[in-house]
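As a plain string of letters, each chain reads:
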Number of protein chains: 2
Amino acid sequence: MEKTIIDSEAIRSMNKNERVHLINSLCGFKSVSLIGTQSKEGNSNLAIFSSLFHLGANPALFGLIFRPSPPERDTLRNILDTGFYTLNHIHPGIVYQAHQTSARYAPGVSEFKETGLTEEYKDYFIAPYVTESAVQIGMIFKERIDISINNTILIIGEVAQIYVPENCLLPDGFIDIEKAESITCSGLDSYHTTQRIDRLSYAKPDLPIHSIL
Amino acid sequence: MEKTIIDSEAIRSMNKNERVHLINSLCGFKSVSLIGTQSKEGNSNLAIFSSLFHLGANPALFGLIFRPSPPERDTLRNILDTGFYTLNHIHPGIVYQAHQTSARYAPGVSEFKETGLTEEYKDYFIAPYVTESAVQIGMIFKERIDISINNTILIIGEVAQIYVPENCLLPDGFIDIEKAESITCSGLDSYHTTQRIDRLSYAKPDLPIHSIL
């Protein structure tokens, strides 16, 4: 297959939308989830994010990148104001509602109400979970790092509560998120289910790896 | 389906391996790619990473998290020493070789040689690409941010060269990485192909979203 070559100069001279689609899809498949928060005034908010990443297991930390654009501002402010947020995996049955949360609703309008997704409060968490999500995670804000190179903000949070379908948690700790029907996304708007190729043994020099399924 | 509940206390008191599997799989599907580098001494290195994330499109920046563990040290040092690295998407035909690069080979041993993957040098880049990869990206180091909360390192790089199969680049800039057979991973060792559900239109309040396929 012939390859198209795109260099720095071509990237810089693209129109904005084209570059956004290109670079967002280039970085590979992404984690995608719904972030539930509550404002100081008590308004619930729900927004789809694909900038979540694993930062470390001990302590159990995830990072999240925020851009300075309007639909993300409510979520960021609520996390900083209250210290709580939830991550809720998305399955094919709620993908259209999940995507709809990215619309620029007026502040104070709840995306739960607008999309028909159900808010759920559990334990001591003031941030709402999404009832329809199979995998739900309660997060506590730990640290904010401002990334000056492109004016983005890295929010680091610690995993405080995990709710996962009983039959998706394996004895070795692995959560089978494919069995939970969690989806992945690429670019800004493409959603995908997955099909497992294999789980592979810990690699060692001069030893063949094998399936651990 | 009944849910298993795991709280902070349970996470902290788990054994290390169980916690690593749990937290790595909890954060959703991840981008997975092979990072090619060259040392100051001219040794090539190849390592699989699932900590790549999109940081911004203008400038085109990706972030990459490094833990202070041995197999990742060569890659990090080479990036800091030379300023160049490549990202190479993984397809099902090379997944076993890709996983094998995570073995702790002695410094100076090239994972290209050990796994049979082919190194390729293009343009002015001193970092090697993987010939077998359909999507290849040349990256230039921009900034290092030390994350003190868990002693990880965020490496920010700018996309400098893109090689993508002609038929996978769409007119709107979107790269169809599923068509390129790029895979995703979950946890430390589970690899997956994808099946597109849909591409959805830009969401607006009070307007139904629709498929843009």
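**Student:** Before we move on, can you summarise the interface of chain B and chain A with the specific residues and values?
**Tutor:** Across the contact, 106 residues belong to chain B and 106 residues belong to chain A. Our count for the contact surface shared by chain B and chain A stands at four salt bridges. Here A:Glu158 makes a salt bridge to B:Arg12, at a shortest N to O gap of 3.7 Å. Linking chain B with chain A are 52 residue pairs in polar contact (both at pLDDT 80 or more), by the criterion used here. For the side of chain B that touches chain A, the element with the highest residue contribution is strand E11 (residues 152–165) of chain B, accounting for eleven residues. Among the residues making up the side of chain B that touches chain A, the classes are represented as 52 nonpolar, 32 polar and 22 charged. Relative to strand E13 (residues 190–199) of chain B, strand E13 (residues 190–199) of chain A runs antiparallel, the two being bridged by nine bridges. What sits directly across from A:His192, in E13(B), is B:Arg196.

**Student:** Break down the packing of aromatic side chains for me, citing the residues and quoting the values.
**Tutor:** Summed over the entire model, instances satisfying the criterion amount to 13 aromatic pairs over all chains. Pairing B:Phe125 with B:Tyr129 gives two aromatic rings, centres 6.0 Å apart and planes at 40°, and the pair type is tilted. We note that B:Phe125, like B:Tyr129, is buried. In this structure an aromatic cluster arises from ring pairing among A:Phe84, A:Tyr124, A:Phe125, A:Tyr129 and A:Tyr163. The ring of A:Phe174 carries the charged tip of A:Arg199 above its face, separated from the ring centre by 3.9 Å.

**Student:** I'd like to hear about the pattern of salt bridges, residue by residue, with values.
**Tutor:** All chains considered together, the criterion is met by 18 salt bridges over all chains. A salt bridge links A:Asp74 to A:Arg77, with the nearest nitrogen and oxygen atoms 3.5 Å apart. Of this pair, A:Asp74 and A:Arg77 both sit in helix H3 (residues 70–82), separated by three residues, roughly a single helical turn. By relative accessible area, which is 13% here, A:Asp74 ends up buried. B:Asp172 serves as the salt-bridge partner of B:Arg199, at 3.0 Å between the closest nitrogen and oxygen. Note that B:Arg199 is positioned in strand E13 and B:Asp172 in the loop between E11 and strand E12 (184–186), a separation of 27 residues in sequence. A residue is classified by how much of its surface remains accessible, and B:Asp172, at 29% relative accessible area, is partly exposed.

**Student:** Got a sec to walk through the side chain of B:Ser186? Specific residues and values, please.
**Tutor:** Structurally, the position occupied by B:Ser186 is in strand E12. Within polar-contact distance, the side chain of B:Ser186 engages the side chain of B:His192 at 3.0 Å. Residues in contact with B:Ser186, not counting those within four places in the same chain, are A:Phe174, A:Ile177, B:Phe29 and B:His192.

**Student:** Describe the pairing of strand E4 (residues 44–49) of chain A, listing the residues and the values that go with them.
**Tutor:** Residues and elements named next belong to chain A. E4 sits mainly inside the fold: six of its six residues count as buried. Here E4 shows a buried face lined by Ser 44, Leu 46 and Ile 48 and a second buried face lined by Asn 45, Ala 47 and Phe 49. Of the pairings in the sheet, the one linking strand E3 (residues 33–38) to E4 comprises six bridges and is antiparallel in character. Bridge pairing links Ser 33 to Phe 49 in E4.

**Student:** Describe the relation of the copies chain B and chain A, listing the residues and the values that go with them.
**Tutor:** Of the transformation placing chain B onto chain A, the axial shift is 0.0 Å and the rotation is 180°, giving an RMSD of 0.0 Å. Classification of the inter-copy transformation places it as that of a two-fold axis. Judged by C-alpha distance, B:Thr194 is the residue of chain B that lies nearest the rotation axis, at 2.1 Å. Comparing interface residues between copies, 99% of those in chain B also lie at the interface in chain A; the contact surface is shared.

**Student:** Quick rundown of the sheet that holds strand E2 (residues 30–31) of chain B? Include the residues and the values.
**Tutor:** Strand order in the open sheet formed by six strands is E2(A)-E12(A)-E13(A)-E13(B)-E12(B)-E2(B), with antiparallel pairing between adjacent strands. Across the chains shown, the open sheet's two edge strands, defined by having one partner strand only, are strand E2 (30–31) of chain A together with E2 of chain B. By the bridge criterion, two bridges tie E2(B) to E12(B) in an arrangement that is antiparallel. By the bridge assignment for E12(B), B:Lys30 is matched with B:Cys185.

**Student:** Give me the lowdown on the confidence of the model for chain A, citing residues and values where you can.
**Tutor:** Looking at chain A as a whole, the pLDDT averages 96, with 99% of positions reaching at least 70. Two numbers describe this predicted complex: its pTM, 0.97, and its ipTM, 0.97.

**Student:** Go over helix H2 (residues 16–26) of chain B with me, naming the residues and quoting the values.
**Tutor:** All names here are of chain B. Of all the eleven residues making up H2, eight are buried; the element is thus mostly covered by neighbouring parts of the structure. Of all the positions in H2, only Arg 19, Val 20, His 21, Leu 22, Ile 23, Asn 24, Ser 25 and Leu 26 are classed as buried. The N-capping residue of H2, defined by a side-chain oxygen 3.1 Å from the backbone nitrogen of Asn 17, is Asn 15. Residue Gly 28 follows H2 closely and has a positive phi angle near 95°.

Cut-offs and rules
- Residues numbered from 1 in each chain as written.
- Chains lettered and ligands numbered in written order.
- Predicted model: local features only at pLDDT ≥ 70, side-chain atom pairs only at ≥ 80, totals over all residues.
- Heavy atoms only, no water.
- Contact = heavy atoms within 4.5 Å.
- Salt bridge = Lys/Arg side-chain N within 4 Å of Asp/Glu carboxyl O.
- Polar contact = N/O pair within 3.5 Å; in protein donor to acceptor, adjacent residues only side chain to side chain.
- Helix = DSSP H or I, 4+ residues; strand = E, 2+ residues; numbered from the N terminus.
- Nonpolar A, V, L, I, M, F, W, Y, C, P; charged D, E, K, R; others polar.
- Pairing = 2+ DSSP bridges.
- Phe/Tyr/Trp six-rings, centres within 6.5 Å; stacked < 30°, edge-to-face > 60°.
- Buried < 20%, exposed > 50% of the residue type's maximum accessible area, 1.4 Å probe, protein only.
- Lys NZ or Arg CZ within 6 Å of the ring centre and 35° of its normal.
- Least-squares fit on C-alpha atoms with pLDDT ≥ 70 in both.
- pLDDT = per-residue confidence, 0-100.

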